[in-house]
Amino acid sequence: MRLRVDGFGVTWTVEPRDSVTVEETGPHPASPPMLVVTGETVVSLAVPEDLDRWSACVAFLLRLRDGVDDLAALLTARVAAPGGRDGNGNGDG
């Protein structure tokens, strides 16, 4: 993975050798698991320590999953039919 920071924030370019794992940080609620992406750089997605905020975190993770599924479907469609119509919403699909 390559990270770039610019005026729009952080851009992460995915590379084939990147791995994604869920790592336990401890057995107690104050040490919740993390989502860890390892490549050239390591990115960890930590959840709030406050259990009262975990429901909102779960909702975000589900939205993130849905967005990743949507991106994967678009990429799959474009690989299957380069230049084809995939419903990308920019007027050419």
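Scroll up for the structure.
Please read all numbers here as calculations on a predicted model, not as lab measurements.

### Examining the overall build of the protein
Right, on to step 1. Broken down by element type, the protein carries 1 helix and 5 strands.
Right, on to step 2. Counting helices and strands in the order they occur from the N terminus, the protein gives β-β-β-β-β-α.
Right, on to step 3. In the protein, buried positions account for 11% of the 93 residues.
Right, on to step 4. Here the analysis covers contacts within the protein between residues at least 6 apart in sequence; of these, 13% occur between residues at least 24 apart.
Right, on to step 5. As displayed, the protein has an accessible area near 7200 Å², and 60% of this comes from carbon and sulfur atoms.

### Section: the pattern of salt bridges
Right, on to step 1. This structure, assessed with the given rule, holds 4 salt bridges.
Right, on to step 2. Asp-66 is paired through a salt bridge with Arg-65; the nearest N and O atoms lie 3.2 Å apart.
Right, on to step 3. Here Arg-65 falls in the partly exposed class, since its relative accessible area comes to 45%.
Right, on to step 4. Taken together, the salt bridges that share partners define one network made up of Glu-15, Arg-17 and Glu-40.

### Points about a nonpolar patch on the surface
Right, on to step 1. A grouping of Leu-3, Val-5, Val-10, Trp-12 and Val-14 is seen on the molecular surface, where their side chains present a nonpolar patch of about 500 Å² in accessible area.
Right, on to step 2. Those elements giving two or more residues to the nonpolar patch turn out to be strand S1 (2-6) and strand S2 (9-13).
Right, on to step 3. Since its relative accessible area comes to 58%, Val-10 is described here as exposed.

### Side note on the pairing of S2
Right, on to step 1. Pairing analysis gives 5 bridges linking S1 to S2, with the strands arranged antiparallel. Residue pairing for S2: Arg-2 is matched across the bridge by Thr-13.
Right, on to step 2. Hairpin connection of S1 to S2: 2 residues between the antiparallel strands.

### Observations concerning the side chain of Glu-15
Right, on to step 1. Mapped onto the elements of the fold, Glu-15 is located in the loop between S2 and strand S3 (19-23).
Right, on to step 2. Residues contacting Glu-15, with those up to four places away along its chain left out, are Met-1 and Arg-2.

### Section: the sheet that holds strand S4 (residues 34-38)
Right, on to step 1. Strand order in the open sheet made by the 3 strands is S3-S4-S5, with antiparallel pairing throughout. Looking along the sheet, the strands with just one partner apiece sit at the ends: S3 and strand S5 (42-45). Across this sheet, the average inter-strand angle for adjacent strands is 20 degrees, counted without regard to direction.

Reading guide: rules and limits
Residues numbered from 1 in each chain as written. Predicted model: local features only at pLDDT ≥ 70, side-chain atom pairs only at ≥ 80, totals over all residues. Heavy atoms only, no water. Helix = DSSP H or I, 4+ residues; strand = E, 2+ residues; numbered from the N terminus. Buried < 20%, exposed > 50% of the residue type's maximum accessible area, 1.4 Å probe, protein only. Contact = heavy atoms within 4.5 Å. Areas by Shrake-Rupley, 256 points an atom, 1.4 Å probe, with all protein chains shown as cover. Salt bridge = Lys/Arg side-chain N within 4 Å of Asp/Glu carboxyl O. Patch = residues over 30% accessible without salt bridge, like charges linked within 9 Å, V, L, I, M, F, W, Y side chains within 5 Å. Pairing = 2+ DSSP bridges. Axes fitted to C-alpha atoms, helices over the stretch in contact; angles between N-to-C directions.

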